[in-house]
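One letter stands for each residue in the lines below.
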Amino acid sequence: MGGQPGGSEGQGALGVSEGLGVQGALGRMGAQEALGGSEGLGVQGALGSSEGLGVQGALGGSEGLGVQGVLGGSEGLGVRGGTGGPGRARKDSGVQGVLGGSEGLGVQGVLGGSEGLRVQGALGRSEAHRALQGAVCQRCWLLVHHQQALHMQVSREQYRSLVSAALRSPPRHGRRPLVLYMVDMLDLPDSVLQDLPQLVPAGSNILVVGNKVDLLPGDSPDYLKRFRKELLRSCARVGILPAVQGTGGQVGRTASQNLVDVHLISAKTGYGVEELISKLQHSWKCNGDVYLVGATNSGKSTLFNTLLQSDYCKSKSSEVINRATISPWPGTTLNLLKFPIINPTSDRLFRRQERLKADAEKTEEQLSDDEQKYLKCLKKQGYLIGRVGRTFQQQKSKAVIDFDPDELSFNMEEEPVFSSNKPKERVEFTYNELKDARWFFDTPGIVKENCVLNLLTEKEVKLVLPTHAIVPRTFVLKPGMVLFLGALGRIDYLQGAKSSWFSVVASNLLPVHVTTLEKADSIYQKHAGKTLLKVPMGGEERMKEFPPLIPQEITLEGIGTLEAVADIKLSSAGWVAVTAHLEDKLQLRAYTPEGTTLMIRKPPLLPHIVDIKGNRIRGSASYRTKRPPPLVENLKANGTNKKRGI
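Residues numbered from 1 in each chain as written. Predicted model: local features only at pLDDT ≥ 70, side-chain atom pairs only at ≥ 80, totals over all residues. Heavy atoms only, no water.

1. Points about the overall build of the chain
Moving on, step 1. Along the chain, the regular secondary structure elements total 22 helices and 22 strands.
Moving on, step 2. Considering only contacts within the chain whose residues lie at least 6 apart along the sequence, 73% involve residues at least 24 apart.
Moving on, step 3. For the chain, the exposed surface amounts to about 31000 Å²; the carbon and sulfur share of it is 50%. (Helix = DSSP H or I, 4+ residues; strand = E, 2+ residues; numbered from the N terminus. Contact = heavy atoms within 4.5 Å. Areas by Shrake-Rupley, 256 points an atom, 1.4 Å probe, with all protein chains shown as cover.)

Set out below in structure tokens:
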């Protein structure tokens, strides 16, 4: 295994005195404790200071280990340890699982093979393995603790190769895999990938999951039914169609894949997740392993973590399996993560159903204080809330206090010495628990082409991607007025007989600015990259490298003041729903950055959005939108929690 860049012994793996320190690789273990002496690796070279992980040391500055060596470039560490077995050097590979875990790289492979630095000699084989069990790769550490993303150049072809190879592997248990295809409802239809049918083998079952419905406000009682229909329509456009019931009760296929169902969920708030779990458990006899597939930022890792704490996985899994790293940066998951699925026997299904019935009879006041606080937090983040519980809990043994009075005794002439905390005993699966198991896999997100998020920095992505319930912002514009969505999109109202309404559905942190056609160009030149338009940020230097806005002519005809005629979708930055008077013909010009996709969506996703615009602010073109109240499912309804149409 090529474990050292440039031929230096061991430096490519963990670094010597100026390279990546032991603490950066092994967590909080001291250098002497990890490597057995003062000759061990340095610590401050990796951390930058004694208090935290320094960016320079982490990213490979003058004294730190280079990014290529950490991430597995042409001479760095390989990454196939994430899927089991020893790794091999491979250019532009991901780093999930580089530093071990129960199925990750062995100690010898991590530290550079026969020529690299060996921990085995200092600690012995078993101790070295235990020392690295809790280690995480540097990229995940930066994402979780410092919100810093290392820029990964993983091509679309590499993503496709990994996902396709996993899905086309020989069937286990005599059954083909089930593909759980996750779609971002905020980005329809772009989040439905055109090449998905080529990734999935013929004859596979596909269950489509529309995520992030909690972020969109309801514009009518049956808006969730409309979402479901639009999701089905988007899947049909790329060739993912449901099976057709033929004569004599036979099922015929209209495509090479079989769309078995469509579910709307929120992986973050838990809405619809319990229903999804029930559906997956009832399909146990028809499918083998389950693969979670979708575009980047669709919420796959969030759903993986939610299911890891649910009835869908073996009860011990949450203690054995590491949670997936969640980040707004595209492509967080760089290899296959997995957990074993619990066998839904008749007894388990019965016990689960009894728990769900009991939960549905509870009111919010009957919940524990912690549950009420958690629900209160979720209500601020989304419109639709769910409660994901557990029926099958791993029984924990009572804690035993290990008390040694000799360790606490000392006289006045001695300095007190406190022993280090003993490491937690790691929980592991036995062979018998896993020999016939079926697995749930989280695959890497497939990067969308022509997406505005690919042009943005980390800070900009955090502003553009919605994380809380979207409050629509409606403006009434006359011909000759212009609407800016940050500096990422622009809509000019060129011609029309009357005023029209433009409702912005985008992140609440992304500013909207309305001006006249005469001032629009000068405002963009003066304020792009600055506070007024906010995104992109970084002033003139940032805008020099940012692509220019490219115009596209649009003609719409109004269908009445109560219903939007179309959505103008500004890539993945959001969309603007246009509502105009009946038969009023509008001439518009919309702009998006060069290389990104602008599309007209008909019918609009929220056609009645103008109904929730609120009262107009005096002397302004904007309205004061009142946020709709949230709904908590599987909880006994009260006066403020009524069932919505689904």
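Picking up after the structure, the text goes on.
2. A word on the packing of aromatic side chains
Moving on, step 1. Taken as a whole and assessed by the stated rule, the structure comprises 9 aromatic pairs.
Moving on, step 2. Ring plane angle 15° and centroid distance 6.4 Å describe the contact between Phe484 and Tyr524, whose orientation is recorded as stacked. Note that Phe484 is positioned in strand β11 (residues 481-485) and Tyr524 in helix α21 (residues 517-527), a separation of 40 residues in sequence. Both residues of the pair, Phe484 and Tyr524, belong to the buried class.
Moving on, step 3. A ring pair is formed by Tyr493 and Phe502, whose centres lie 5.7 Å apart and whose planes are at 55°; its orientation type is tilted.
Moving on, step 4. For Tyr493, a relative accessible area of 1% gives the class buried. (Phe/Tyr/Trp six-rings, centres within 6.5 Å; stacked < 30°, edge-to-face > 60°. Buried < 20%, exposed > 50% of the residue type's maximum accessible area, 1.4 Å probe, protein only.)

3. Considering the UniProt feature "coiled-coil region" (unreviewed entry) in the chain
Moving on, step 1. When the UniProt feature table is mapped to this numbering, "coiled-coil region" (unreviewed entry) covers residues 346-373.
Moving on, step 2. When the span residues 346-373 is considered, its composition is 71% helix and 0% strand, and the gap between its end C-alpha atoms is 34 Å. (UniProt positions renumbered as here; feature names shortened; annotations may be inferred.)

4. Remarks on the sheet that holds strand β14 (residues 512-516)
Moving on, step 1. Reading across the sheet, the 5 strands line up as β14-β11-β12-β18-β15 and stay open at both edges, with antiparallel pairing between neighbours. Unpaired on one side and paired on the other, β14 and β15 (549-557) mark the two borders of the sheet. Taking the axes of each pair of neighbouring strands and ignoring which way they run, one obtains an average angle of 20° across the sheet.
Moving on, step 2. Sheet analysis places β15 next to strand β18 (residues 585-593), joined by 9 bridges and oriented antiparallel. Looking across to β18, one finds that Pro551 is bridged to Tyr591.
Moving on, step 3. In the packing of α21 onto the sheet, contacts are made with β11, β12 (489-495), β14 and β15, and the angle to β14 comes to roughly 130°. (Pairing = 2+ DSSP bridges. Axes fitted to C-alpha atoms, helices over the stretch in contact; angles between N-to-C directions.)

5. Examining the packing of helix α13 (residues 273-282) against helix α16 (residues 346-360)
Moving on, step 1. At a minimum axis distance of 12 Å, the contact between α13 and α16 shows a crossing angle of 165°. Here α13 lies roughly antiparallel to α16, going by the angle between them. You can see that α13 and α16 cross each other, and the crossing is left-handed. Contacts between α13 and α16 involve Glu274, Ile277, Ser278 and Gln281 from the former and Leu349, Arg352, Arg355 and Leu356 from the latter.
Moving on, step 2. When grouped by side-chain class, the residues that make up the contact of α13 with α16 number 3 nonpolar, 2 polar and 3 charged. (Parallel < 35°, antiparallel > 145°, perpendicular 65-115°, else oblique. Left-handed = near helix turned anticlockwise from the far one by under 90°. Nonpolar A, V, L, I, M, F, W, Y, C, P; charged D, E, K, R; others polar.)

6. Re the confidence of the model for the chain
Moving on, step 1. Counting all residues, the mean pLDDT for the chain is 75, and 64% of those residues have values of 70 or more.
Moving on, step 2. Taken as a whole, residues 325-334 scores under 50 in pLDDT and shows 49 contacts with residues more than four places along the chain or in a different chain. (pLDDT = per-residue confidence, 0-100.)

7. Focus on the side chain of Glu364
Moving on, step 1. Assignment of secondary structure puts Glu364 in the loop between α16 and α17 (369-381).
Moving on, step 2. A distance of 2.8 Å separates polar atoms of two side chains, one belonging to Glu364 and the other to Lys379. (Polar contact = N/O pair within 3.5 Å; in protein donor to acceptor, adjacent residues only side chain to side chain.)

8. Here we look at the pairing of strand β13 (residues 500-505)
Moving on, step 1. Burial analysis of β13 places 6 of its 6 residues in the buried class, the great majority of the element.
Moving on, step 2. The side-chain alternation of β13 yields two buried faces, one formed by Ser500, Phe502 and Val504 and the other by Trp501, Ser503 and Val505.
Moving on, step 3. Here strand β10 (residues 473-477) runs beside β13; their pairing, made up of 5 bridges, is antiparallel. In the strand pairing of β13, Arg473 is matched with Val504.

9. A closer look at the nonpolar core
Moving on, step 1. Core analysis: the largest hydrophobic core is formed by 49 residues, its most contacted members being Tyr181, Val208, Leu216, Phe227, Leu231 and Val293.
Moving on, step 2. The biggest single contributor to this core is helix α12 (residues 223-237), with 5 residues.
Moving on, step 3. Ala487, Ala528, Leu533 and Val565 belong to the second-largest nonpolar core, a separate cluster that totals 48 residues. (Core = buried A, V, L, I, M, F, W, Y, C linked by side-chain atoms within 4.5 Å.)

10. So, the sheet that holds β13
Moving on, step 1. If you trace the 5 strands from one edge of the open sheet to the other, you get β10-β13-β17-β16-β19, paired in antiparallel fashion. The outermost strands of the open sheet, each flanked by one partner alone, are β10 and β19 (598-601). This sheet shows a mean twist of 20° between the axes of neighbouring strands, independent of strand direction.
Moving on, step 2. Across 5 bridges, the pairing between β13 and strand β17 (residues 575-579) is antiparallel. Counterpart to Val505 in the pairing with β17 is Trp575.

11. Let's talk about α12
Moving on, step 1. For α12, spanning 15 residues, the distance from its first C-alpha to its last is 21 Å, which sits close to the expected 21 Å at 1.5 Å a residue.
Moving on, step 2. Along α12, the residues classified as buried are Tyr223, Leu224, Arg226, Phe227, Glu230, Leu231, Ser234 and Cys235.
Moving on, step 3. Downstream of α12 by a residue or two, Gly239 has a phi angle that is positive, lying close to 95°. (Expected span 1.5 Å × (residues − 1).)

12. Focus on the environment of Glu460
Moving on, step 1. Mapped onto the secondary structure, Glu460 falls in helix α20 (residues 458-464).
Moving on, step 2. Residue classification places Glu460 among the buried residues on the basis of a relative accessible area of 0%.
Moving on, step 3. It is 6.2 Å that separates the C-alpha atoms of Glu460 and Val535, two residues lying 75 residues apart in sequence.

13. Notes on the pattern of salt bridges
When the charged atoms of two side chains with opposite charge come close together, those side chains can pair.
Moving on, step 1. The final tally for this structure, using the stated rule, is 24 salt bridges.
Moving on, step 2. Note that Arg228 is salt-bridged to Asp261, the shortest N-O span being 3.2 Å. You can see Arg228 sitting in helix α12 and its partner Asp261 sitting in strand β5 (residues 258-264), a full 33 residues away along the chain.
Moving on, step 3. Ionic pairing is found between Arg601 and Asp567, a salt bridge with its closest N-O pair at 3.0 Å. Taken together, the positions of Arg601 in strand β19 and Asp567 in strand β16 (residues 566-570) put the pair 34 residues apart, joining distant regions of the chain.
Moving on, step 4. Several salt bridges converge on common partners, so that one network encompasses Glu274, Asp311, Arg352, Arg355, Asp359 and Lys362. (Salt bridge = Lys/Arg side-chain N within 4 Å of Asp/Glu carboxyl O.)

14. What to know about α17
Moving on, step 1. Spanning 13 residues, α17 covers 19 Å between terminal C-alpha atoms, matching the ideal 18 Å at 1.5 Å per step.
Moving on, step 2. For α17, the set of buried residues is Leu375, Leu378 and Gln381. Seen end-on, α17 carries its buried residues on one side only, within an arc spanning 115°. Counted as exposed and oriented over 90 degrees from the buried face of α17: Asp369, Lys373, Lys376 and Lys380.
Moving on, step 3. Those residues of α17 that are buried are in contact with β8 (384-385) and β22 (631-632). (Arc of directions from axis to C-beta.)

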